[in-house]
Amino acid sequence: MRKQSNSIIIENTRMRLPLGEDGIAKSLVCLATGEECLDTNELMPMFSVTEERPFNNEIKLAHPNKRMTFGSTHIECEGDLLTVSFELVRFQASIRVVERDDYITFELVDFPMGPEAFGPLWMDRPPVTVTRLIQLPIRKREKFGNWLNVVSDDNVAIGVLGTSPYESVDAREQKGAMILSADAVREIKMKGVCAALMVCPSNELMDCIETMEIDFGLPRGVASRRAPSINRSLYWTMSINPTNVDQNIEYAKQCGLQYMLIYYPAIFKEKGGEGWIGNYEYQDCYEGGVEGLRKMLDKIKAAGITPGFHVLHTHIGIWSKYVTPVCDHRLRLKEHFTLSRPLGTDDTTIYVEENPQNAPMWDKCRILRFGGELFTYESFSTEYPYCFKGVERGAYKTNIVPHELGQIGGVMDFCEFTAASFYLDQNSDIQDEIADKLAECYNAGFEFLYFDGSEGVNPPYDFHVSNAQYRVIKKLNKEPLFCEGAAKTHFGWHYISGGNAFDVFPAPIFKEKIVEYPFEEAPRMAQDFTRLNFGWWLYYDEMMPDMYEYADALAFSWDCPATIRLSNLDAVKANPRNKDNFEVLRRWEEARIHQFITPEQKMALLIERMNTALAKADFAKKNMETAKQGLTENFSDIVSFDEHGNLIENKEAYAKMKEDAAKLTGAEKEAADARIRSYEAMKDMYKSSRKEYQDATAVVEESIKQQEELIDIQLEGIAALEDKFLELLKKKD
């Protein structure tokens, strides 16, 4: 980093980033290609700080008291430190810039504080809630991976990435630019937060990220994506144990599946779905507990199958030892209330200081906690004095005790899918305690992980989703081959290398949902350099070979695996189509492992996908044109269309049409109301058809691009053969 004229030049072997003295980026050039990556029409401060309200007295008096962001106005450099001044506020930020070969990092070091920073205020640190470390308007390119936070095309990739779980990384679209940003957030961590900027040829991006992962000791997401295990399909079971392990191995082999995902209830005692989760007590059939599990896993691996562990790492069962007889204070409360009156052991009304207007009323979720006691309630008052009524004491067999005035409790945070478990408070040590229990099990011989229920954490979710997973990862004695998860945030890219799976789709809608969800997500995940799992395909009796053939073909076209769920062995035995179904699964898995589907066959899959999308686009276009014609002929006073086809509504005319209709009566009113309904239906039809047309067109364009890439690969192969042939001719001469 160096001063040059009126600029500060930040650069490495891959990029050059000149900043003006005002802290605004002037340019961002990829040195390998010479391309300008910055949208210079969207100039903005590289750095900023945000306060929930202004604290400096004069600023507070002169401006509304609301959330305010102050952009950088002046920067100075000395060595590897940038000192940043901001508009209006009197303090500065010190940011360390490290120019590494493959990326450049920006780390918040401190806020240098002079006596003039707050004047007479009794404050020793600035009341900053967010510090923006990077903010760059990047020119739009063909692709944007919103998980990895990278803009790319065939030539150049530009990314802003976190180097730990603590950076809040995001992007937003603005005119012709993608605004890539990275923040340090007070609620998470401020000092030491460090974000990385990468600019490089697209085919070198993974190498740059891998270097960063090594430098910062992160999970090896790049290596995991490059390993052959990444696109292997899974055999899923929640009923395997030492008594039936051989049968499960046999079914997995018949399906040609070399990876087996084992759900935790197959190992631990459970009640009512997930009611005992958290206890993690081994079933009696595992002799010696973890040793019995180790023996079973060794047997699975001896059969050539790699076992994985499916966990609910953020959940505690409603009947677990963490709930009964004294509810653990480290279970999360999603609403907090303060007792406004003491609560005796016989009281059935709970008086609180706060308005309970947002408390849930779904019967299974009406659970309060004060101290270690749980309560159910029938209703609440939103008028003062605020209270919960119809209270039942000692819910879930917790001890009934008195509670003093001023005690803080609240509404328990339930799993919204089952209401059979509570969520952990991620701001406590209970996640580490649970991670220790899961790690003991995993370390018995598991080699990959599925993080289910990952969304069940505290806000801010972009931090806690990935950090809760990471707290488990760090306890393992060996890094997983890959992980999948039910929720993902930016930092999780480094270990959720398998993306997400989809839940069960019943047979009657199986094909439809495969197209609607995993097939739709696959091209988006590809922009994040990640595959996904095409679903947990429950082995229903009515599932037929053509269904698996259809879904596997679509998954294969995106180099994605799937998961077959054979949880009920008795039901599996009774299925007369086992041989056919298993053979379909086996053949497609063989295709994945050995890659023996020819480029011509892959091309045929892509062409079929393109033709399907073309048909959808044609159908949507006809509907769109019909709706547009109807709107133009009948409602020209209310709607018009711009050159891009966007519908522009005259809101005043629309409001007047509704007002006029409201004044009418009888048949005239019915006719006017019918005209309004007709307008709204045509408008909705136009908008939905236009979106369907745009989506289908995007699929066509993506399919064409994939076909071109496949042709390029084939041409490269031909060129390599020609080179080899010429080399042999030279040797012969």
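Structure: see above.
Treat the numbers as computed from the prediction; the structure is a model and nothing was measured. (Residues numbered from 1 in each chain as written. Predicted model: local features only at pLDDT ≥ 70, side-chain atom pairs only at ≥ 80, totals over all residues. Heavy atoms only, no water.)

Student: Lay out the overall build of the protein chain in plain terms, naming residues and giving numbers.
Tutor: On a plain count of helices and strands, the protein chain comes out with 15 helices and 35 strands. By the compact-globule yardstick of 27 Å for 733 residues, the protein chain fits well, its C-alpha radius of gyration being 30 Å. Its C-alpha atoms give the protein chain principal-axis dimensions of about 90 × 80 × 75 Å. Within the protein chain, the proportion of its 733 residues that are buried is 53%. Pairs at least 24 apart in sequence give 68% of the contacts found in the protein chain among residues at least 6 apart. When the accessible surface of the protein chain is totalled, it reaches about 33,500 Å², and 50% of it is carbon and sulfur. (Helix = DSSP H or I, 4+ residues; strand = E, 2+ residues; numbered from the N terminus. Rg over C-alpha atoms; globule rule 2.2 N^0.38 Å. Buried < 20%, exposed > 50% of the residue type's maximum accessible area, 1.4 Å probe, protein only. Contact = heavy atoms within 4.5 Å. Areas by Shrake-Rupley, 256 points an atom, 1.4 Å probe, with all protein chains shown as cover.)

Student: If you had to explain the pattern of salt bridges to someone new, which residues and values would you point to?
Tutor: Applying the stated rule across the entire model yields 47 salt bridges. Residue Arg16 is joined to Glu11 by a salt bridge in which the shortest nitrogen-to-oxygen separation is 3.1 Å. Among the salt bridges present, the one from Asp695 reaches Lys691, with a minimum N-O distance of 2.8 Å. Taken as a pair, Asp695 and Lys691 lie in helix α15 (residues 666–732) at a separation of four residues, close to a single helical turn. Given a relative accessible area of 39%, Asp695 falls into the partly exposed group. (Salt bridge = Lys/Arg side-chain N within 4 Å of Asp/Glu carboxyl O.)

Student: Give a description of the pairing of strand β30 (residues 448–452) that names residues and reports values.
Tutor: Taking burial as the measure, the five residues of β30 include five buried ones, the bulk of the element. Residues Phe448, Tyr450 and Asp452 of β30 are buried on one face, and the alternating residues Leu449 and Phe451, pointing to the opposite face, are buried as well. With five bridges joining them, strand β20 (residues 306–312) and β30 adopt parallel strand pairing. Bridged to His310 within β30 is Tyr450. As a crossover connection, the stretch from β30 through helix α7 (residues 461–473) into strand β31 (residues 483–485) is right-handed. (Pairing = 2+ DSSP bridges. Right-handed = clockwise from strand over helix to strand, strands pointing away.)

Student: Give me the side chain of Asp102: which residues, what numbers.
Tutor: Tracing the backbone through its elements, the reader meets Asp102 in the loop between β9 (92–99) and β10 (104–110). Of note is the side chain of Asp102, whose polar atom sits 2.9 Å from the side chain of Arg14. Side chain to side chain, Asp102 and Thr211 meet in a polar contact 3.0 Å long. Every residue in contact with Asp102, bar those within four places of it in the chain, is listed here: Asn12, Arg14, Met198, Cys208 and Thr211. (Polar contact = N/O pair within 3.5 Å; in protein donor to acceptor, adjacent residues only side chain to side chain.)

Student: Now, about the pairing of strand β15 (residues 168–174): what can you tell me, with residues and values included?
Tutor: Bridge analysis of β15 against strand β16 (residues 177–185) gives seven bridges, and the strand direction is antiparallel. Among the inter-strand pairings, Val169 is bridged to a residue of β16, identified as Ala182. Joining the antiparallel neighbours β15 and β16 is a turn of two residues, in which Lys175 adopts a positive phi near 55 degrees.

Student: Go over the environment of Asp559, please, and point to the residues and values.
Tutor: Among the structural elements, Asp559 can be located in the loop between α10 (545–557) and β33 (563–565). Between the C-alpha atom of Asp559 and that of Arg592, which follows or precedes it by 33 residues, the distance is 7.6 Å.

Student: Quick rundown of the nonpolar core? Include the residues and the values.
Tutor: The biggest cluster of nonpolar side chains holds 124 residues, and the ones touching the most others in it are Ile262, Ile267, Leu293, Ile300, Phe309, Phe534 and Trp537. Not counting chain neighbours up to four residues away, the residues in contact with Leu293 comprise Ile267, Tyr282, Tyr286, Cys441, Ala444 and Phe446. Counting residues in hydrophobic clusters, the runner-up holds 48 residues, among them Leu38, Val49, Ile158 and Met190. (Core = buried A, V, L, I, M, F, W, Y, C linked by side-chain atoms within 4.5 Å.)

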